[in-house]
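Report on the structure
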Amino acid sequence: YESVIELCKFIISRFWYQDFSENKFPIPAFFIDMNILFQEFVVNLIKSELIKKGFSVSSQEKNPNILEKILQYDIDEKSLDVPPIKPDIIIQKNNKKLVIDTKYKEDEPTSGDFYQATAYSLVHDCDTLLLLPKKTRDLSDGFIIQQHDSPNKNKIHVKTVDFKDSEDFVSN
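Structural notes, computed from the coordinates. (Residues numbered from 1 in each chain as written. Predicted model: local features only at pLDDT ≥ 70, side-chain atom pairs only at ≥ 80, totals over all residues. Heavy atoms only, no water.)

1. Some thoughts on helix 3 (residues 111–124)
Compared with the 20 Å implied by 1.5 Å per residue over 14 residues, the 20 Å span of helix 3 between its first and last C-alpha is a close match. Listed as buried for helix 3 are Asp113, Ala117, Thr118, Ala119, Tyr120, Ser121, Val123 and His124. Residues of helix 3 that are buried in the fold lie against strand 4 (89–93), strand 5 (96–102), strand 6 (127–133) and strand 8 (155–161). Looking one or two places after helix 3, you find Asp125, whose phi comes out positive at around 50 degrees. (Helix = DSSP H or I, 4+ residues; strand = E, 2+ residues; numbered from the N terminus. Expected span 1.5 Å × (residues − 1). Buried < 20%, exposed > 50% of the residue type's maximum accessible area, 1.4 Å probe, protein only. Contact = heavy atoms within 4.5 Å.)

Printed below as a string of structure tokens:
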């Protein structure tokens, strides 16, 4: 059991996360949803830098939907609610807007991530940035949303960011 005990000691000593709430109690890192932690980190970083520059920054607010329920489609117990559209971050200034969707993952965004970003762009009529932490490689790419009935050419941008210098991240 000696090797198991040593491994447990390593895990406990190495992977504790000091919660930055008022209670300040340590939580084992493997109990933390890293998607939420990454999102909150990015929200706080962006708010701290951009609000003082006159930007409006909101996060996880319910937005207008692009789906409308068909009433009396099927009268039974299997009815679904329209899923809410809640982008991670919306940045606005001078009638310009950008949606940021944070993704804490090892690899590239999935097709579901792109469809989610497309929905955000359609609802807000703006570009959407899929933001991932740099883990294995840099990503920097862009895609135009093909809207046949719209003159706008909204885009989905995909970026990875290395947070070693947080001010460079926000200014870029």
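What follows continues from the structure just given.
2. Overview of the nonpolar core
Counting residues in each nonpolar core, the largest one holds 12 residues, listed as Phe38, Val42, Val43, Ile46, Leu50, Val57, Ile89, Ile91, Ile100, Leu129, Leu131 and Val161. Every element with two or more residues in this core is listed here: helix 2 (34–50), strand 4 and strand 6. The element that contributes the greatest number of residues to this core is helix 2, accounting for five residues. Counting residues in hydrophobic clusters, the runner-up holds seven residues, among them Leu132, Leu139, Ile145 and Ile156. (Core = buried A, V, L, I, M, F, W, Y, C linked by side-chain atoms within 4.5 Å.)

3. Observations regarding unusual backbone geometry
Positioned with a positive phi, Asn94 is a non-glycine residue whose angle comes to about 50 degrees. Looking at the secondary structure, you find Asn94 in the loop between strand 4 and strand 5. Look at Asn94 and you get exposed, because its relative accessible area is 65%. The backbone of Asp125 shows a phi angle near 50 degrees, a positive value even though the residue is not glycine. When you line up the elements, Asp125 lands in the loop between helix 3 and strand 6. For Asp125, a relative accessible area of 40% gives the class partly exposed.

What is shown is where atoms sit, not what they do.
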